[in-house]
Amino acid sequence: MKAKFSLYAKHIVLCLAFLFLPYAFTSTNTIFSLPHLYTNAHDRIYFFIYFTLLCFFYFNYYYLIPKLYFTDKKLVYYGIIAIFLLFFLWISTVLDHPSRNFLDFRDQPVHFTNMHRISPDGFRPPPQMEREMPFEFKGGPPTQYSHTTLVYLIGVISSLLFAISGRLQSVEEEKVKSELAFLKAQINPHFLFNTLNSIYALALKKDNKTPDAVIQLSELMRYIMTNSNDEVIDLPKEINYINNFISLQKTRLGNTVIVDYKVTGNSFGKQITPLILISFIENAFKYGVNPDQTSEICISIDIKEDQLILWVSNKKIDSVYSESGIGLQNTIKRLKLVYPNRHQLKIIDTPDKYTVNLSIKLA
């Protein structure tokens, strides 16, 4: 609501500034002079022309460009633009006639050109003045036409540039949304596949914790199905999802892994993109755990005001996996799309340890 109000206010200010632009730095040596629409033909012409040009700017931006220019009817569009230009030149000529000052309701003075008809002494204006005065009835000076044409063309070109820029921005936003949707579609089956493998391992051992693992899996899947398509989600929900995931992994692995997991700071009132942290944690369990070896995984989530710091570290062991998981690759891509210039990711890969240090500026 505030954003819309700010946008409308900005449009109103810019429109008023445009309308009163001709009256800045006037010939009266003042910085600004209010237009005298009733008595000054010059002010009347400029105000009406600028007002109609402003109306045409929005008509061109919201109707002509989307309906004609963006629908491959450019020839029709250019024809309409030319017709409107001729209209504005014509209307500026009409308004420049003093006899057609429809805004001045006072008693009109007798025109000098008609004095010879009513003068009792038969006075006629000098021939030179007679040659000059019809010019007034033919319209404004040539500079008036060039000025109207210049302002008109600037309005047309600027509206085209704004419309094309907005269209390109919309296309880019749709592209980002499509790419994010594609990445999420890959992540969801990835989580399900790995978690089912974990429960399958429990079932093979006929572990009594298998029912609890199934319940934890249902909680994980419910979160994925209901929240993964949201742009942002409350941070406490994301952390609760991580808690369930780690509990499930502990249930599956038992005493073969030592997990040091802690969350510090206040997560209330903060939001984050869903499933943006879990891939780094899942990667540690995927490549840092072996039932035949003692494994160690350290996970820390620290929340400081509008910043979240994730630190994940695992000892390297012999793993059945030989290549990087698709979930981790997708998460790195999502970070670049969702948090451009708002995150820092540092991965330290040594022969004995794999460490991830991620800092995100939260919404």
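Placed above this text is the structure.
Quick look at the structure, then. Bear in mind the structure is a predicted one, so any value in this text is a computation, not a measurement.

**Focus: the sheet that holds strand 5 (residues 307-315)**
So, point 1. Read from one edge to the other, the open sheet built from 5 strands follows the order 2-4-5-7-6, with strand pairing classed as mixed. Edge positions in the sheet fall to strand 2 (257-264) and strand 6 (343-349), since each has one partner strand and no second. Across the sheet, the axes of successive neighbouring strands diverge by a mean angle of 5°, strand direction being ignored.
So, point 2. Sheet analysis places strand 6 next to strand 7 (residues 353-361), joined by 7 bridges and oriented antiparallel. Within strand 7, the residue paired with Ile348 across the bridge is Thr355.
So, point 3. In the packing of helix 8 (residues 235-253) onto the sheet, the strands contacted are strand 2, strand 4 (295-304) and strand 5, and the crossing angle to strand 2 comes to about 165°.
So, point 4. Contacts from helix 9 (residues 278-287) reach strand 2, strand 4, strand 5, strand 6 and strand 7 within the one sheet, and its direction differs from that of strand 5 by about 5°.

**A few points about the packing of aromatic side chains**
So, point 1. For the structure on display, the rule yields 20 aromatic pairs.
So, point 2. A ring pair is formed by Phe56 and Phe84, whose centres lie 4.7 Å apart and whose planes are at 40°; its orientation type is tilted. Residue Phe56 is located in helix 2 (residues 41-67), and its partner Phe84 is located in helix 3 (residues 74-95); the two are separated by 28 residues in the primary sequence.
So, point 3. The buried category is assigned to Phe56, whose relative accessible area is 5%.
So, point 4. Seen from their ring centres, Phe57 and Phe162 are 6.5 Å apart, and the 80° between their planes marks the pair as edge-to-face. A residue pair is termed long-range when its members are at least 10 positions apart, and Phe57 in helix 2 and Phe162 in helix 6 (residues 142-204) qualify at 105 residues.
So, point 5. Under the relative-accessibility criterion, Phe57 is labelled buried at 18%.
So, point 6. Connected via pairs of aromatic rings, a cluster forms that spans Phe56, Phe59, Tyr63, Phe84, Phe87, Phe88, Trp90 and Tyr152.

**Observations concerning helix 9**
So, point 1. Of all 10 residues making up helix 9, 10 are buried, and the element is well covered by its neighbours.
So, point 2. Of all the positions in helix 9, only Ile278, Ser279, Phe280, Ile281, Glu282, Asn283, Ala284, Phe285, Lys286 and Tyr287 are classed as buried.

What counts and what doesn't
- Per chain, residues are indexed from 1 in the order of the written sequence.
- Reporting of local features is limited, given that this is a predicted model, to residues whose pLDDT is at least 70; pairs of side-chain atoms are given and counted only at 80 or more, and all residues count toward the totals for whole chains, interfaces and linings.
- No hydrogens and no water enter the side-chain calculation; it runs on all heavy atoms of the structure.
- DSSP calls a pair of strands paired once it identifies at least 2 bridges connecting them.
- Numbered from the N terminus, helices here are DSSP runs of H or I no shorter than four residues, and strands are runs of E no shorter than two.
- Interaxial angle, 0 to 180 degrees, is taken between N-to-C directions of lines fitted to C-alpha atoms, where a helix line uses only the stretch in contact.
- The contact rule is simple, with two residues in contact once any of their heavy atoms fall within 4.5 Å.
- Each Phe, Tyr or Trp ring (for Trp, its six-membered ring) is paired with any other whose centre lies within 6.5 Å, and the angle between the two planes then decides the class: stacked below 30 degrees, edge-to-face above 60, tilted in between.
- Note on classification: 1.4 Å probe, protein chains only; a residue is buried when its accessible area is under 20% of the maximum for its type, exposed when over 50%, partly exposed between these limits.

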